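# Remarks on the overall topology
Spelled out, the chains give:
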Amino acid sequence: MAVPSTLPAVDPPVGLALAGGAAGGAIYEIGAMRALDEAIDGIDLHQLGVYVGVSAGAFLGSCLANGLSTEQMCRAITKPEPGEHPFVPELFFQPAVQEMRGRLLRVPRQLGRALLDYVSGRERRLVDALTNLGQTLPVGLFANEPVRDYVRRIFAIKGRTDDFRRLQRRLVVVATELETGRAVRFGLPGFDHVPISNAVQASTALPGLYPPVKIDGRYHVDGVLLKTMHASVALDAGARLVFCINPIVPVDARPAIEAGLMREGQMVDHGLVSVMSQTLRTLIHSRMTLGLRAYKTRFPEADVVLIEPRRDDYEYFYSNIFTFSSRRAVAQRAYQATRAHLLARREELAPVLARHGLRLNVAALEEPRDLWKQVSLPDDDLTAVPPTRRERWRKTIKTAAVQTAHAVERAPAARSAAAALDGSRRAVLDDLDRVLARLEDAVDGLEARQAARDDAAADDDASWASANDNGAGRASGDRGDAAPPTDADAASDDEGWASRALRATVATFGASGLML
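First, a word on scope: everything that follows refers to the structure included in this document. As the structure is a prediction and not an experimental result, all values here were calculated from the model. (Residues numbered from 1 in each chain as written. Predicted model: local features only at pLDDT ≥ 70, side-chain atom pairs only at ≥ 80, totals over all residues. Heavy atoms only, no water.)

## Describing empty space enclosed by the protein
Definition in use: Only protein atoms enter the 1 Å grid used here, on which a cavity is any set of points holding a 1.4 Å probe that cannot leave and a pocket is any open set flanked by protein within 12 Å on both sides along at least five of seven lines; residues with an atom within 4 Å of a point are listed as lining. Grid points are joined across faces, edges and corners, and a volume is the space filled by probe spheres set on the points. Labels follow the DSSP assignment, with helices taken as runs of H or I lasting at least four residues and strands as runs of E lasting at least two, numbered in each case from the N terminus. The classification used treats Ala, Val, Leu, Ile, Met, Phe, Trp, Tyr, Cys and Pro as nonpolar, Asp, Glu, Lys and Arg as charged, and all other residues, Gly among them, as polar.
Tallied over the entire structure, the rule returns three cavities of 30 Å³ or more. Along its surface, the largest cavity is lined by 15 residues, and Leu68, Met73, Ala76, Tyr150 and Ile154 are the ones closest to its centre. Going through the elements one at a time, helix H2 (56-65), helix H3 (70-76) and helix H7 (145-154) are the ones with two or more residues in the lining of the largest cavity. Broken down by class, the residue content of the lining of the largest cavity amounts to eleven nonpolar, two polar and two charged. For the second largest cavity, the calculated volume is near 40 Å³.

Okay, here's the thing in structure tokens:
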């Protein structure tokens, strides 16, 4: 869809198209963008004419359009920045509790309908009737409201905006309308009234992982369903040079297997997620390759520069972005790989960039560089691991406890109330101790009676054995060497079990008393 003529041409006529790839892809794109930012003289990536983002790329593109630099984004994924909201990948993987609860409430009705269809003869087989229970499965495992809220908080500070119409740069966030399968380009006329945070939420709603997002009465899902990057949107907007960054590349593990770094079948051993990831990467990348070829015919005067990971980079494929060290490693790997990629293509890229008034800084690419030193992060900042969620909670609770103690010390009335409360607590504990003592006495009594029965049973066994040795018990001797169990024995066993259970209960109450 071409941009309406009412929109002015983008200035400068340089654009950036960012694909998806979830949180791991976003971190890779950040490292790659930083390398590209350093290598291209004549422009900054946060001052381009147009940004097009899909899925995770929608979030990054909206940050650039709001003026956040690649240096700021690199720093944000490694340590909390003063005055900024920290990047926490776990935030984007919170269970969709409301969705799951709503689906569970449908189970009785759907199960009743299935049984009715089977009993009435509408379905001949019960298994066919039970297929209706598929409607009770959640449409997404994780909630995407935290995604929207996080983006909204970022753009509510430091002069940023959550409104497409107030941006100084063109931003287009692409999603897919679920019930028509058509692309929706948020940010263009007719769709620019939608908050950027809602558009990013819709563009990242990958089916199966996140539920569809309702905007203006219609449901939307991830824009990657139609195209990988939608770079044509930037070209339609008037961009004559578009940088495309795509982290969704299928891994070629064969070199690693032959080098002994991986074993055969390791991808299968990693389970369904690994196999599905490789499958989707292959499908998406194949489609993207065909789309880039079509651009040469549709936009003969434009240039498209594609940057993506090497296919033999198996470490990126298996990286775990939930760990602090892995996030640093992925960003560093993307940074160095992009620098090597640009340097290897310098003969090809130099004339392309020159046509648009830009220059490839070969000297900077040949100079050994470290990502974190380039973004002014000292080594001690990199080795300092951010506190875990549990540590943050402990610190919060400890701070609250200290503040409460200080308040109690300062307020006589509060001290009196606290003393009364402490007295009530002691009274409760005293009552609990008395109950526990009575239970202990009951247990001791049961065990004493059980011991007496055991002694009596032993005497009976001795008498029976003596009679058996004298031949008086031959008739019963054929039944074995031990005396047959009696009702008294069974009762004794029952009381022994009850005694053990009661003692366990007492121990449990005792532990509870200690916790109080």
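Here the narrative resumes, following the displayed structure.
## Some words on helix H12 (residues 272-298)
Which entries qualify depends on this criterion: For a helix, the expected span equals 1.5 Å multiplied by the residue count minus one. The buried label goes to any residue with under 20% of its type's maximum accessible area, the exposed label to any with over 50%, and the partly exposed label to all in between, with areas taken from a 1.4 Å probe on protein chains only. Only heavy atoms matter for contacts: two residues are in contact if any of them lie within 4.5 Å across the pair.
Over its 27 residues, H12 extends 39 Å from the first C-alpha to the last, a length consistent with the 39 Å expected when each residue adds 1.5 Å. Those residues of H12 that fall on the buried side of the exposure criterion are Ser274, Gln278, Arg281, Ile284, His285, Met288, Leu292 and Tyr295. The secondary structure elements touched by the buried residues of H12 are helix H9 (231-236), helix H11 (266-269), strand S9 (303-307) and helix H13 (314-317).

## Considering the pattern of salt bridges
A side chain with one charge may pair with a side chain of the opposite charge, provided their charged atoms come close. Heads up, the rule is: Salt bridge criterion: a side-chain nitrogen from Lys or Arg within 4 Å of a carboxyl oxygen from Asp or Glu.
On inspection of all chains with the given rule, the structure shows 19 salt bridges. The salt bridge involving Arg148 is made with Asp149; its shortest N-O contact spans 3.2 Å. With its nearest N and O atoms 3.5 Å apart, the salt bridge here joins Glu367 to Arg369. On the basis of relative accessible area, Glu367 is assigned to the partly exposed category, the value being 40%. Within this structure, Arg34, Glu38, Glu367 and Arg369 form a network of salt bridges that share partners.

## A look at unusual backbone geometry
Even without being glycine, Ala22 reaches a positive phi, approximately 60°. Summarising the element assignment, Ala22 is placed in helix H1 (residues 22-39). Given the relative accessible area of 45%, Ala22 is considered partly exposed. Even without glycine at this site, Ser55 takes up a positive phi of about 55°. With respect to the helices, strands and loops of the structure, Ser55 is situated in the loop between strand S3 (50-54) and H2. Take Ser55: its relative accessible area is 8%, and that puts it in the buried class.

## Overview of the packing of H7 against helix H8 (residues 196-203)
We count it as follows: Only the stretch in contact is used when fitting a helix axis, every axis being a line fitted to C-alpha atoms; angles between N-to-C directions are given from 0 to 180 degrees. Here a crossing is called left-handed whenever its near helix is offset anticlockwise from the far helix by less than a right angle, and right-handed whenever the offset is clockwise.
Running from N to C, H7 and H8 point in directions that differ by 145°, and their axes come no closer than 8 Å. For the pair H7 and H8, the crossing hand works out as right-handed. In this structure, H7 contributes Glu145, Val147, Arg148, Val151 and Arg152 to the contact, and H8 contributes Ser197, Asn198, Val200 and Gln201.

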